[in-house]
Structure formats: C-alpha cells, structure tokens
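Coordinate inspection notes
This is what each chain is made of:
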Amino acid sequence: MSQLLHFNAFEMNTVSHINHGLWVHPENRRHEYTDIEYWVETAQLLERGLFDAMFLADVVGTYSVYRGSRDAAVERGIQIPNNDPFLIVPAMAAVTKDLGFAVTFATTYESPFANARRLSTLDHLTKGRIAWNVVTGYLPDAAKNFGLSEQVTHDVRYEVAEEFLEVSYKLWEGSWDRDAVVRDRERAIYTDPRKVHEIGHVGKYFTVDGPHLSEPSPQGTPVIYQAGSSGAGKLFAANNAEGVFVSSRTLAEVAKNVADLRDLTEQVGRGRDAIRALASINIVIGETEAEAKRKTEEVLALRDVHGYLVHIGGGTGIDFSAVGKNETLEFRGRGHIESSEAAHTRDAKANGAQFVIDKLTDPRGDEFFVSGTVEQVADRVEEIAEATGVDGFNLVQYLSPGTFTDVVEMLVPELQKRGRYRTEYTEHTLRERLFPGRGSQLPATHPAAAYRGAFGGE
Ligand SMILES: Cc1cc2nc3c(=O)[nH]c(=O)nc-3n(C[C@H](O)[C@H](O)[C@H](O)COP(=O)(O)O)c2cc1C
C-alpha cells in the first residue's frame, strides 16, 4: 500500500450514474453533461485537487430488467441518455496538463483494431495521461446493438476480452518498434519501414493483420484499469490490470478482494505491487457535524428508489419489482454481473429482498459511506485504507460537481496536512503517477511486454 492516497473521480457522460434521483437538486449541474463547459470546468477542478484521473464509465445498452422494460430507465435518466466518453476527453485534455482520463470501452462488441487506434490517439494528445477501463458489458440489449443475436455468456465474455487484449498489446507493443519514427528532415524519412510490423493475428474471435496505424504513444499501452470481481474477473485483472476497482459494501470483503488480487498478481509473476487497488467511496463533508448531517439528509431525501432498482436490475438480472418483500432469491448465473448477483442473492437469502433494497438505497449502513466534518472524513478515509489495504479511492458523486468541489477544497488540504496526499504533480504520465519511478512503459513482467520485438523488430 502506498503512503499517498490515490483519488479518481467517478464520472459518466450521462444524467444519472450511481446515485439516482439527484439530478433534480437545484445545485446539481448533472443535466449539463451535454455541455462542453461542464466537462472543461470539472476537469480543471479535479486538476486543482491533484486527482490521478477522471474515470469515465460507459454502457452501450439500456437497463430493461426492472418491470421488464426500459421505460423506467428512460423516464428517470438512469444511464440513458448516455453520450460517448471518448469524445469529451480532448476538450478536457486541452485545459489541463496533468489530470489523467480513464475511459471505459467494452471488449464484447467492437473491434480491437479501431479501439487501439482511438486510445493511441488520445495517449498522444494527452502526452500519456490515458487509461482504458476494460469492461466486458452486462446489459443484454447491448449485444443486439452490435449485430449479435444475444448476449455473450459471462465467462465467454472474459475469454473474448483476453483475446481482445492480446490483439491490443500486439498493436501497441509489437507493431512499431519504439524508435521506428526517425523524422529525418534531411533524408525526408519519417519512419523506418523495417521497424513497422504486421501482427498477423488469427485467433478464435479476431483476425487482425496490422500494422497499427498510430506511431508509439507516450505510454505505448495505456494504463489498464479493470473491475472484475468474479473468479474469471479477478484472474483477468491479475493478468492485465494496473488499476483495479474493488467494490463491495464491507471492509472485510474489500480487504479479502485486495489480498486475493495481490496473491494472484504474485502467482502470475507480476509481483504483489503490480496493481493499485481503488475502492468506491461516497463522501459528504460539512463545515460542522450538523451541516454534514443536513447535507446527507438533503441528498437522501431526493434519492430515487426506483432508479436504484433499475440499476441493480441491469447489474444482477433480477427484477425487484416482481419480488416480494420477504422473498429469498437464489443465485442462478443470470449472465449480468455475476459478483453483484452473488452478493445480492446472498443478502436476500439471509434477510429477504427488502433488506437488499434498503441497503441499496440508504448508504448510512455502508462502510464506504463517509459523512462528517473534514477531520472525521479524513480519519475514516485513513481507517478504510488501513483496514482494507487499498491504495486509494474512486469518488462517487452526489452533486456534480459539488461533491468533487467539497473534496478538493476541504478533504485534499486535510490529507495533505497528514502527509497522505500529494502536494503537487511530479509525474506527468498516468502510469508513472500510479507507479512512481518505474517509467512510462509497462514493466517487463506484464504479459504485453512479451510482444516487444515479437514481429521482427528490436
Ligand atoms: C467502480 C466500477 C466501475 C465499473 N464501471 C463499469 C462500466 O463503466 N461499464 C461496464 O460495463 N461495467 C462496469 N463495471 C462492472 C465491471 O466491469 C464488472 O463487470 C463488475 O465489476 C463485475 O465483475 P464480474 O463480471 O467479474 O463479476 C464497473 C464496476 C466497478 C466496481
């Protein structure tokens, strides 16, 4: 665990991302997600707060399990409307120098070739501040938007993802030698063709010849983020990820997930310190305890219970509108997010479905919900980090950008005083910020490094 805590800001190019119902709050600018000014100002705020990165979630389908229809999601703005996360990054990059951007892209539906080129382009434009949050998708109707007749099953999605990454690594690490571009004005040679290679990938799911069309970008492979927590998901993270979102409602579960991940990264030869583990956290800070309580009650009063049920329906595959209060639920492998289905059916089995709903909509029993004065919040943040072994946090919003503003203006200075937060950016690529002193490229122990020179170079 690093001494300095890492902070990512959890965002999505949409109206209602995680905490539903709050877009109606008079101080919430959430509905401005279609305005470039919202993104530019939020990025500047996060850079002022010396955040590692803005993390942009994404889905490419709709939430249609609740009441067997997408109508509730559409009516309440639950991740729909939802715009493309990639396209807002250049505007934010142009007004910042150091803030990173982690963009979500699913490996189940589109081509690795086009995605690799898009990410290389962003890594160039940002001078090495890009991460890719690799997801496999969980909304069945997404599959039908991309020519598939039905959703690919959970573990097969991870198998496709492994090959998707293999192709991407070949393009980023092996297709161009890092010194291929010579830019020799006297001889009018831009690139040495002997140093640009086809990858000739023929696999089970993808066939990609290459070469990659982008020249090597500052980080080569962008920083890989991931959030798998099923068996298949953890193994995928251990093999590939550098930043892992560990999401659970108890400290003990997160501590176990972090320990499992570090054991696995060691087993696959990457070492115990190969990942930065980040826990999702909800924070409400007040000048006084009374103000924190008032702010908490204000956001809780607006929470949209149906909105949360829409969200969890998409996550677990369970339609909570059709479940009785005391009903128990079984894990059936419904093909959405398996770890989420497992956690919620476990709770429902022990305590009934209403317990799950209450837990979902009232964060006060959640060990990752922190509310209080800045000193109380800082104490708790430190306690969570000690108890779980996480390296930092993924900050969820209530108000946009009000939650970020409070953290930047109040919590960051307090953590700096305690020596737990950076006082300036010292590394400029995102990878070096996560792993200071290790360079901007993936280490030799990462599987992507095996493709360097593999296609006839170096
Ligand atoms: C903090 C966090 C952010 C996530 N963001 C996305 C996302 O933007 N899009 C997506 O399809 N899945 C997202 N997921 C879901 C994960 O990709 C993954 O499916 C989930 O953590 C469950 O893992 P499992 O499939 O191994 O059970 C996110 C998960 C977490 C914990």
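No experiment lies behind these values; they were computed from the predicted model shown.

As for the UniProt feature "binding site: FMN" (unreviewed entry) in the protein chain
In the numbering adopted here, UniProt assigns the feature "binding site: FMN" (unreviewed entry) to Asp58, Thr104, His154, Tyr158, Ser229 and Ser230. Here tyrosine 158 lies in helix 6 (residues 154-174). Those residues in contact with tyrosine 158, other than ones at most four positions away along the chain, are Thr136, Gln226, Gly228, Ser230, Ala232, Gly233 and Phe236. Contacts of serine 230, omitting those with residues within four sequence positions, involve His154, Tyr158, Glu338 and Ser339.

Notes on the pattern of salt bridges
In total, this model carries 36 salt bridges according to the counting rule given. Close ionic contact of arginine 187 with aspartate 184 constitutes a salt bridge, the shortest N to O distance being 2.7 Å. Linking aspartate 260 and lysine 256 is a salt bridge whose minimum nitrogen-to-oxygen distance equals 2.8 Å. On the criterion of helical spacing, the pair formed by aspartate 260 and lysine 256 is a turn pair, its members being 4 residues apart in helix 8 (residues 251-267). A network of salt bridges, in which partner residues are shared, links Asp379, Glu382, Glu386, Glu414, Lys417, Arg418 and Arg420.

Some words on the environment of threonine 388
Mapping threonine 388 onto the fold places it in helix 13 (residues 374-388). Judged by relative accessible area, threonine 388 falls into the buried class, the value being 5%. As for threonine 388 and aspartate 179, which are separated by 209 residues in sequence, their C-alpha atoms are 42 Å apart. Among all residues touching threonine 388, those that are not within four sequence positions of it are Leu251, Val254, Ala255, Val258 and Phe368. There is a polar contact of 2.7 Å between the side chain of threonine 388 and the backbone oxygen of isoleucine 384.

Each value, and the rule that gives it
- Residues numbered from 1 in each chain as written.
- Predicted model: local features only at pLDDT ≥ 70, side-chain atom pairs only at ≥ 80, totals over all residues.
- Heavy atoms only, no water.
- UniProt positions renumbered as here; feature names shortened; annotations may be inferred.
- Helix = DSSP H or I, 4+ residues; strand = E, 2+ residues; numbered from the N terminus.
- Contact = heavy atoms within 4.5 Å.
- Salt bridge = Lys/Arg side-chain N within 4 Å of Asp/Glu carboxyl O.
- Buried < 20%, exposed > 50% of the residue type's maximum accessible area, 1.4 Å probe, protein only.
- Polar contact = N/O pair within 3.5 Å; in protein donor to acceptor, adjacent residues only side chain to side chain.

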